[in-house]
Amino acid sequence: MTTELVLFDFDGTLADTLPSSFAAFRAVFKKYDGQDVTNEILVSMFGPTEDEIIAMNFQNTDLVQDAINEYYYLYGQGHAEINDINSILDLLSLLKENNKKVAVITGKSRKAFKISSEALNISKYFDLVVTGDDVEKAKPDPEGVHKALEFFGLTVEKAVFLGDSNADIIAGKSAGVRTYAVQWLSTYQSTVFDIKPDAVFANTADFISLLKNEGSLR
């Protein structure tokens, strides 16, 4: 069965934004709450939106909003260093040229997604974006994937989901769609998965080959 809908996670999957996110989180956790957090600790907090991560993990609750505001500022500034995007844009262009529906399922807040998508000029490729603000349950819950399938009126057999984290793989597999792990950007979240993905792609070319082999791309 050919693929009609390609669902992507965002950070670490479509954009090399994790270094910017890590740096901004580390800065505000240290400045406003005196916490020295590692990237590994931050990954363990991921799932909720950026606002919720700070609010849920700060001890100094009076400074939560100040930390959130500075997080977004620092996160936005970090996009000037992102340059690993051409292969992703080529993939998205190819999918749209073949009339595929493309959606993003991300735990990012709508505000964080807007910062990244505008900085990278990538929004034009997406038919739907489901952010952390649009769901009640974050990944690994499959709610976001289910929302996308319902929006397009497609069955699970017509969709695939790609992500870089253990939570992505659990969400996709729980929803019943073919689910692939990606490790094609400089920074990604997981190398070990609780549920085995259908494949792991180290580059976009291998995913393109899979779609061509199944007859989904010209």
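Residues numbered from 1 in each chain as written. Predicted model: local features only at pLDDT ≥ 70, side-chain atom pairs only at ≥ 80, totals over all residues. Heavy atoms only, no water.

### A word on the packing of helix α4 (residues 64-77) against helix α6 (residues 110-120)
Move 1: Contact pair α4 / α6: the axes reach a minimum separation of 10 Å and the direction vectors enclose 20°. As the angle between them shows, α4 and α6 are arranged roughly parallel. Relative to α6, the crossing made by α4 is right-handed. Across the interface between the two elements, Tyr72, Tyr75 and Gly76 of α4 pack against Lys111, Ala112, Ile115 and Ser116 of α6.
Move 2: Residue classes in the contact of α4 with α6 are distributed as 4 nonpolar, 2 polar and 1 charged. (Axes fitted to C-alpha atoms, helices over the stretch in contact; angles between N-to-C directions. Helix = DSSP H or I, 4+ residues; strand = E, 2+ residues; numbered from the N terminus. Parallel < 35°, antiparallel > 145°, perpendicular 65-115°, else oblique. Left-handed = near helix turned anticlockwise from the far one by under 90°. Contact = heavy atoms within 4.5 Å. Nonpolar A, V, L, I, M, F, W, Y, C, P; charged D, E, K, R; others polar.)

### Some remarks on the packing of aromatic side chains
Move 1: Across all of its chains, the model carries 13 aromatic pairs by this definition.
Move 2: Look at Phe25 and Tyr71: their rings are 4.3 Å apart centre to centre, the planes differ by 35°, and that puts the pair in the tilted class. Separated by 46 residues along the polypeptide, Phe25 in helix α1 (residues 18-33) and Tyr71 in helix α4 bring together distant segments of the chain.
Move 3: Here the aromatic residues Phe22, Phe25, Phe29, Phe46, Phe58, Tyr71, Tyr72 and Tyr75 are joined through ring pairs into a cluster of three or more. (Phe/Tyr/Trp six-rings, centres within 6.5 Å; stacked < 30°, edge-to-face > 60°.)

### Some details on the packing of α1 against α4
Move 1: It is the contact of α1 with α4, at a shortest axis distance of 9 Å, that shows an interaxial angle of 150°. Accordingly, the angle class assigned to the pair α1 and α4 is roughly antiparallel. Here the hand of the crossing between α1 and α4 comes out right-handed. Counted together, Ser20, Ser21, Ala24, Phe25, Ala27, Val28, Lys31 and Tyr32 of α1 and Asp66, Ala67, Glu70, Tyr71, Leu74 and Tyr75 of α4 form the full contact between these two elements.
Move 2: A breakdown of the residues in the contact of α1 with α4 according to their chemical character gives 9 nonpolar, 2 polar and 3 charged.

### Remarks on α6
Move 1: Along α6, the residues that are buried comprise Ala112, Phe113, Ser116, Ser117 and Leu120. Seen along its axis, α6 keeps its buried residues to an arc of 120°; they face one direction.
Move 2: Taken together, the buried residues of α6 touch α3 (50-57), α4, β2 (101-105) and β3 (128-130).
Move 3: A positive phi of about 55° marks Asn121, the residue just after α6. (Buried < 20%, exposed > 50% of the residue type's maximum accessible area, 1.4 Å probe, protein only. Arc of directions from axis to C-beta.)

### Quick word on the environment of Arg178
Move 1: Looking at where Arg178 falls in the secondary structure, it is placed in strand β5 (residues 178-182).
Move 2: Residues Arg178 and Tyr71, spaced 107 residues apart in sequence, show a C-alpha to C-alpha distance of 34 Å.
Move 3: Look past the residues within four positions of Arg178 in its chain and what remains in contact with it is Met1, Thr3, Glu157, Ala159, Val160, Phe161, Asp198 and Glu214.
Move 4: Within polar-contact distance, the side chain of Arg178 engages the backbone oxygen of Glu157 at 3.3 Å. (Polar contact = N/O pair within 3.5 Å; in protein donor to acceptor, adjacent residues only side chain to side chain.)

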